[in-house]
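# Structural overview for review
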Amino acid sequence: MKLVLASKNVKKMREMNDILSGMGVEVCLQADVGIDVDVEETGSTFEENSRLKAQAVMEASGLPAIADDSGLCVDALNGAPGVYSARYGGEGLDDTGRYRLLLANMPKGEARTAKFVSVITCCFPGGEVLTARGECPGTIAFAPMGEGGFGYDPVFFLPRLKKTFAQLSAEEKNAISHRGLALAAFQAKLEEYLKK
C-alpha cells in the first residue's frame, strides 16, 4: 500500500518508512505522485492540524494520505510552542534559530519538563480516517547536544538515557520517540483496517 505524506520533510518520510515498511506500506512524498499541496494549519490541536493536512493531500492525490502534526510542549511556557513548534519565532528562523529562541525564553528557576507530541492521521478516499497519538516526556537541556535528528532534537533531553534526541541513533529514537509511539499505535490500527 502506498501512502502519500502530507509534508515535504524527507526526514519525516524516512522515519515513517523505517517503521511502516515491514507491513508492506510505502510512504512517498507528494512530488512522487505529481502534486504540491501546502495546507494552512489553522487547527488549535495536533489532531485538527494532522487531519487538515491528510484530508487535503488525499483529495488532491486521490490516494490514501498520511500526515503527522507534532510539536514540543514546554510546561514552563504554558505548553508553548505546541502546535506552533514549526513556526515558533516567525518565518525567518531555521531549526537552530527556533531552539535557540526556546532556550532564551525558558524562565530561570522553573522546572524544565516538556513533552514531544505526535498525532498521525491517515485519510482514505473511501472516507475512512485512522488517528493515533504518541507522547514522549523529557526536559529542556541547558544547551544543544548532538548532531542527529532535526527540529528541537538537540535540546530535548531524556533524563533516563542521559542524552538528547539528537544524540540517539535512528533506531534508538524510533523506539521511544513521540512519532515512533504514534506510528506503532497507527500501525496496529492500520493492520486492523487492512483485515476488513
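Structure: see above.
So, here's what we can say about the structure. The model shown is predicted, which means the values in this text are computed figures rather than measured ones. (Residues numbered from 1 in each chain as written. Predicted model: local features only at pLDDT ≥ 70, side-chain atom pairs only at ≥ 80, totals over all residues. Heavy atoms only, no water.)

## Focus on the packing of aromatic side chains
Within the structure shown, the criterion is met by 4 aromatic pairs. A cation sits over an aromatic face here: Arg-112 above Phe-142, 3.9 Å from the ring centre. (Phe/Tyr/Trp six-rings, centres within 6.5 Å; stacked < 30°, edge-to-face > 60°. Lys NZ or Arg CZ within 6 Å of the ring centre and 35° of its normal.)

## Description of the side chain of Thr-164
Here Thr-164 shows up in strand β7 (residues 163-164). Here Thr-164 falls in the buried class, since its relative accessible area comes to 0%. Engagement of the side chain of Thr-164 in a polar contact is seen with the backbone oxygen of Met-145, the distance being 2.6 Å. Beyond its immediate sequence surroundings of up to four residues, Thr-164 is in contact with Ala-141, Met-145, Asp-153, Pro-154, Phe-156 and Phe-157. (Helix = DSSP H or I, 4+ residues; strand = E, 2+ residues; numbered from the N terminus. Buried < 20%, exposed > 50% of the residue type's maximum accessible area, 1.4 Å probe, protein only. Polar contact = N/O pair within 3.5 Å; in protein donor to acceptor, adjacent residues only side chain to side chain. Contact = heavy atoms within 4.5 Å.)

## Re the layout of surface pockets
Put simply, the largest pocket is a space of about 890 Å³. In terms of lining residues, the largest pocket is bounded by 33 residues, among which Ser-7, Asn-9, Lys-12, Glu-41 and Ala-86 are the most central. At the level of secondary structure, the elements contributing two or more residues to the lining of the largest pocket comprise α2 (46-61), β3 (65-74), α3 (95-105) and α5 (178-195). The element best represented in the lining of the largest pocket is β3, accounting for 4 residues. Partitioning the lining of the largest pocket into residue classes produces 10 nonpolar, 9 polar and 14 charged. Taken as a whole, the second largest pocket holds about 220 Å³ of empty space. For the second largest pocket, the lining is made up of 13 residues, of which Lys-11, Glu-15, Gly-149, Phe-150 and Ala-170 are closest to its centre. Here the lining of the second largest pocket takes 4 residues from helix α1 (residues 10-20), the largest share from any one element. Among the residues making up the lining of the second largest pocket, the classes are represented as 4 nonpolar, 4 polar and 5 charged. (1 Å grid on protein atoms, 1.4 Å probe; cavity = no way out; pocket = protein on both sides within 12 Å on 5 of 7 lines; lining within 4 Å. Points joined across faces, edges and corners; volume = space filled by probe spheres on them. Nonpolar A, V, L, I, M, F, W, Y, C, P; charged D, E, K, R; others polar.)

## Digging into the packing of α1 against α5
The contact between α1 and α5 brings their axes to 10 Å, and the two run at 45 degrees. In terms of orientation, α1 and α5 fall into the oblique class. Considering how the two elements wind past one another, α1 and α5 form a crossing that is right-handed. Across the interface between the two elements, Lys-12, Glu-15, Met-16, Ile-19 and Leu-20 of α1 pack against Arg-179, Gly-180, Leu-183, Phe-186 and Gln-187 of α5. (Axes fitted to C-alpha atoms, helices over the stretch in contact; angles between N-to-C directions. Parallel < 35°, antiparallel > 145°, perpendicular 65-115°, else oblique. Left-handed = near helix turned anticlockwise from the far one by under 90°.)

## Some remarks on the pairing of β3
Counting buried residues along β3, 10 of its 10 residues qualify, which places the element largely inside the surrounding structure. Across 2 bridges, strand β1 (residues 2-5) lies against β3 in parallel orientation. Bridged to Leu-5 within β3 is Ile-66. (Pairing = 2+ DSSP bridges.)

## Examining the pattern of salt bridges
Counted under the stated rule, the structure contains 15 salt bridges. With its nearest N and O atoms 2.7 Å apart, the salt bridge here joins Glu-47 to Arg-133. On the criterion of sequence distance, the pair formed by Glu-47 in helix α2 and Arg-133 in strand β5 (residues 129-140) is long-range, its members being 86 residues apart. The partly exposed category is assigned to Arg-133, whose relative accessible area is 37%. Linking Lys-173 and Asp-153 is a salt bridge whose minimum nitrogen-to-oxygen distance equals 2.6 Å. Remark: Asp-153 occurs in the loop between β5 and β6 (156-158) and Lys-173 occurs in helix α4 (residues 170-176); sequence separation between them is 20 residues. (Salt bridge = Lys/Arg side-chain N within 4 Å of Asp/Glu carboxyl O.)

## Here's the deal with the nonpolar core
Counting residues in each nonpolar core, the largest one holds 21 residues, and the members touching the most others are Leu-20, Val-27, Ile-66, Phe-186 and Leu-190. Elements with a minimum of two residues in this core: β1, α1, β4 (113-123), β5 and α5. In terms of residue count, α5 provides more of this core than any other element does, 5 residues in total. Ignoring anything within four residues of it in the chain, the contact list for Phe-186 reads Leu-3, Leu-20, Ile-66, Ile-120, Cys-122, Leu-130 and Ala-132. Counting 20 residues, the second-largest nonpolar core is a separate cluster that includes Leu-103, Ala-114, Cys-136 and Leu-168. (Core = buried A, V, L, I, M, F, W, Y, C linked by side-chain atoms within 4.5 Å.)

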